[in-house]
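# Structural characterization, general
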There are 2 protein chains.
Amino acid sequence: MEAFTLYGFTGSGNCEKVRMVADFLSLPYQWIETPIFDGAAQTEDFLQSINPAGQVPAIVFADQRTLAQSNAIMLYLAEGSALIPEDAYRRAQMHAWLFWEQYTHEPAIAVRRALIQYRGVDEADIDPALMQKGMAALGLMERSLVDQDWLVKGQMSLADIALMAYTRLAPQGGFSLAPFPAIQDWLARCEQHLTR
Amino acid sequence: MEAFTLYGFTGSGNCEKVRMVADFLSLPYQWIETPIFDGAAQTEDFLQSINPAGQVPAIVFADQRTLAQSNAIMLYLAEGSALIPEDAYRRAQMHAWLFWEQYTHEPAIAVRRALIQYRGVDEADIDPALMQKGMAALGLMERSLVDQDWLVKGQMSLADIALMAYTRLAPQGGFSLAPFPAIQDWLARCEQHLTR
């Protein structure tokens, strides 16, 4: 693969998970720090030539083609690698975790963290539903990890990278990981394998 | 593929898109109508043996293995078919649309529709941000469809099925499709190819 340009924001789990995959697979890339809370992904130029949805991560390949959506980028970069199970059913379970992450985990845990860390919102002013949804999401992960090392049985996969990115940052969103020992053990396992 | 059991709720776009794929590919299955607004996906039995996340669609295969998450199910059922582009970059674009659908489109358009259609909420009491986000999502689709027939250039793919499911129901959520002629043409194209 030719070197590509990765637009991302350090501290965004969605961006960090793409960077973790690229580093794990030793892919050549240039990281462009993109301060999204200063509007860097909303400029006319960014919208026109990088990502019309105005989000990072986004990739520009050597031939100028672009790709957005963190989990779609991970799937593309990791194609044919050990991070994607060869077995069709296990691959389907990995896909299920990836969609669950974006629909259920991220909108609670990452959003509550962003309100506190980047928007300066007082915790007392945050919709209590976010805490409830986030704890329910962590509970579902905990039950899955009690009797297996990885989210998809048998191997570390993109599911683990996608979910670890914001799970390890959950305390910054006010979520205690103390009630979730299996998640804590799993995070330690992930970090043994990943360089960031 | 052996016949499988598909738990779904008629009227849910997430369930209908899985059914559309199964019908398009002439796969053998039994549909179990699951009245989610009466708690049918929250019973002890459903959570234990079908989907611990308490959601439909969910599949139980002949060997009792299970699979959840509409887009993960579609990817599994359609593997190797014409609904998934062979080219890696086009496949990545399809994945990007699938994640965008679950993160951006569904939480605005399907959620606003559900509040009106199933929860009986008065439109005046709905967070105005939902209308704004839904219209922005439709705008992004419109711009993508102005100069190409399908969301991923060159062929109808799972991206079209995933997005058409709730886009055609958007008017039930109070979203007018009148400002989006390219979407209207695309919906008509989709419906020519799909039986539901």
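Think of each chain on its own: its residues are numbered from 1, step by step along the sequence as written. Here every chain gets a letter starting at A, and every ligand a number starting at 1, in the order they are written. With pLDDT at 70 or above as the cut-off, local features in this predicted model cover only qualifying residues; side-chain atom pairs require 80 or more to be listed or tallied, and sums for whole chains, interfaces and linings still use all residues. Computation of side-chain values covers all heavy atoms of the structure but excludes hydrogens and water.

### Looking at the side chain of T167 of chain A
By the element assignment, T167 of chain A lies in helix α6 (residues 158-167). In this structure, T167 of chain A is in contact with H105, L138, M141, L177, I183, W186 and L187 of chain A, ignoring residues within four places of it in sequence. The numbering of helices and of strands both runs from the N terminus, where a helix is a DSSP run of H or I of at least 4 residues and a strand a run of E of at least 2. Whether two residues touch is decided by their heavy atoms; if any such pair falls within 4.5 Å, the residues are in contact.

### Some points on helix α3 (residues 70-78) of chain B
Helical geometry note: an α-helix holds 3.6 residues per turn, so side chains three or four residues apart project in the same direction. Residue and element names in this part refer to chain B. Any residue under 20% of the maximum accessible area for its type is buried, any over 50% is exposed, and the rest in between are partly exposed; the area is computed with a 1.4 Å probe on protein chains only. Of all nine residues in α3, nine are buried; the element is thus mostly enclosed. All buried positions along α3 are accounted for by S70, N71, A72, I73, M74, L75, Y76, L77 and A78. G80 lies just past α3 and shows a positive phi near 80 degrees.

### Examining the domain arrangement of chain A
All names here are of chain A. Residue ranges assigned to each domain were obtained from an automatic or database domain assignment. Taken domain by domain, chain A consists of domain 1 (4-78) and domain 2 (88-193). For domain 1 versus domain 2, the distance between C-alpha centres works out to 21 Å. Listed per partner, the contact involves 17 residues of domain 1 and 19 residues of domain 2. Simply put, the buried area is the total loss of 1.4 Å probe accessible area from both parts when two parts are fitted together. Buried surface at the junction of domain 1 and domain 2, both sides included, amounts to about 1,400 Å², of which 67% is carbon and sulfur. Of all residues in domain 1, the largest losses of buried area upon contact with domain 2 belong to M20, F37 and L75, amounting jointly to 33% of the total for that side. Every case where a carboxyl oxygen of Asp or Glu lies within 4 Å of a side-chain nitrogen of Lys or Arg is listed as a salt bridge. The tally of links between domain 1 and domain 2 comes to one salt bridge. One salt bridge in this structure joins E101 and K17, with 2.9 Å as the shortest N-O distance. Side-chain atoms alone can form a polar contact between residues adjacent in sequence; in general such a contact is a pair of N or O atoms within 3.5 Å, and within protein one must be able to donate a hydrogen while the other accepts it. Here domain 1 and domain 2 share nine residue pairs in polar contact (both at pLDDT 80 or more) between them.

### Here's the deal with the pairing of strand β1 (residues 4-8) of chain A
Residue and element names in this part refer to chain A. In terms of residue burial, β1 counts as a mostly covered element, since five of its five residues are buried. Residues F4, L6 and G8 line one face of β1 and the alternating positions T5 and Y7 line the opposite face, and both faces are buried. Here β1 runs beside strand β2 (residues 29-33); their pairing, made up of five bridges, is parallel. Bridge assignment links Y7 to a residue of β2, and that residue is I32. Think of it like this: strands point away, you trace from the first strand over the helix to the second, and a clockwise trace means the crossover is right-handed. This β-α-β element, β1 to helix α1 (residues 13-24) to β2, shows right-handed connectivity. Being paired, for any two strands, means DSSP has found at least two bridges between them. Sheet topology note: the β1/strand β3 (residues 58-60) ladder contains three bridges and is antiparallel. Residue pairing across strands places L6 opposite I59, the latter belonging to β3.

### Topic: the relation of the copies chain A and chain B
Two chain copies, one operation linking them: a rotation about an axis together with a shift along it. To superpose the copies, least squares is applied to the C-alpha atoms of every residue with a pLDDT of at least 70 in both. Superposition record for chain A on chain B: RMSD 0.0 Å, screw rotation 180 degrees, translation along axis 0.0 Å. Overall, the copies show the geometry of a two-fold rotation axis. Closest to the rotation axis within chain A is the C-alpha of Y103 of chain A, separated from it by 2.8 Å. When the interface residues of chain A are mapped onto chain B, 100% of them again lie at the interface, so the same face is used by both copies.

### Quick notes on the interface of chain A and chain B
Counting residues at the interface gives 30 residues for chain A, matched by 30 residues for chain B. Both sides of the chain A and chain B interface together cover about 2,600 Å² of buried area, and 67% of this is carbon and sulfur. Of all residues in chain A, Y89, F99 and Y103 of chain A bury the most surface against chain B, accounting for 30% of the area lost on that side. The tally of links from chain A across to chain B stands at two salt bridges. Across the pair R91 of chain A and E79 of chain B runs a salt bridge, and its minimum N-O distance is 2.4 Å.

### Section: the packing of helix α6 (residues 158-167) of chain B against helix α7 (residues 181-193) of chain B
Residue and element names in this part refer to chain B. Their axes nearest at 11 Å, the elements α6 and α7 cross at an angle of 115 degrees. Between α6 and α7, the angle is such that the two are roughly perpendicular. By crossing handedness, the relation of α6 to α7 is classed as left-handed. Contact residues: D160, L163, M164 and T167 in α6; I183, W186, L187, C190 and E191 in α7. Each residue gets one of three labels, nonpolar for Ala, Val, Leu, Ile, Met, Phe, Trp, Tyr, Cys and Pro, charged for Asp, Glu, Lys and Arg, and polar for the others, Gly among them. For the contact of α6 with α7, the per-class residue count stands at six nonpolar, one polar and two charged. Orientation is described by lines fitted to C-alpha atoms, with helices fitted over the stretch in contact, and by angles between N-to-C directions that extend from 0 to 180 degrees. Note that the term roughly parallel is reserved for angles under 35 degrees, roughly antiparallel for angles over 145, roughly perpendicular for angles of 65 to 115, and oblique for everything else. Handedness of a crossing follows from how the near helix is turned relative to the far one, being left-handed for an anticlockwise turn of less than a right angle and right-handed for a clockwise one.

### Here we look at the environment of W100 of chain B
Here W100 of chain B is to be found in helix α4 (residues 88-117). According to the relative accessible area criterion, W100 of chain B is buried, its value standing at 5%. With 54 residues separating them along the chain, W100 of chain B and G154 of chain B place their C-alpha atoms 20 Å apart. What W100 of chain B contacts, discounting residues up to four positions off in sequence, is Q69 of chain A together with H105, A137, L140, M141 and L163 of chain B.

### What about the nonpolar core?
Joining through side-chain atoms within 4.5 Å is the link that ties buried Ala, Val, Leu, Ile, Met, Phe, Trp, Tyr and Cys residues into a set, and such a set is a nonpolar core. With 128 residues, the main nonpolar core has L77, L158 and W186 of chain A together with L77, L158 and W186 of chain B as its most contacted residues. Aside from chain neighbours lying at most four places away, what touches L158 of chain A is V21, M74, L75, A78, L83, I84, M94 and L98 of chain A.

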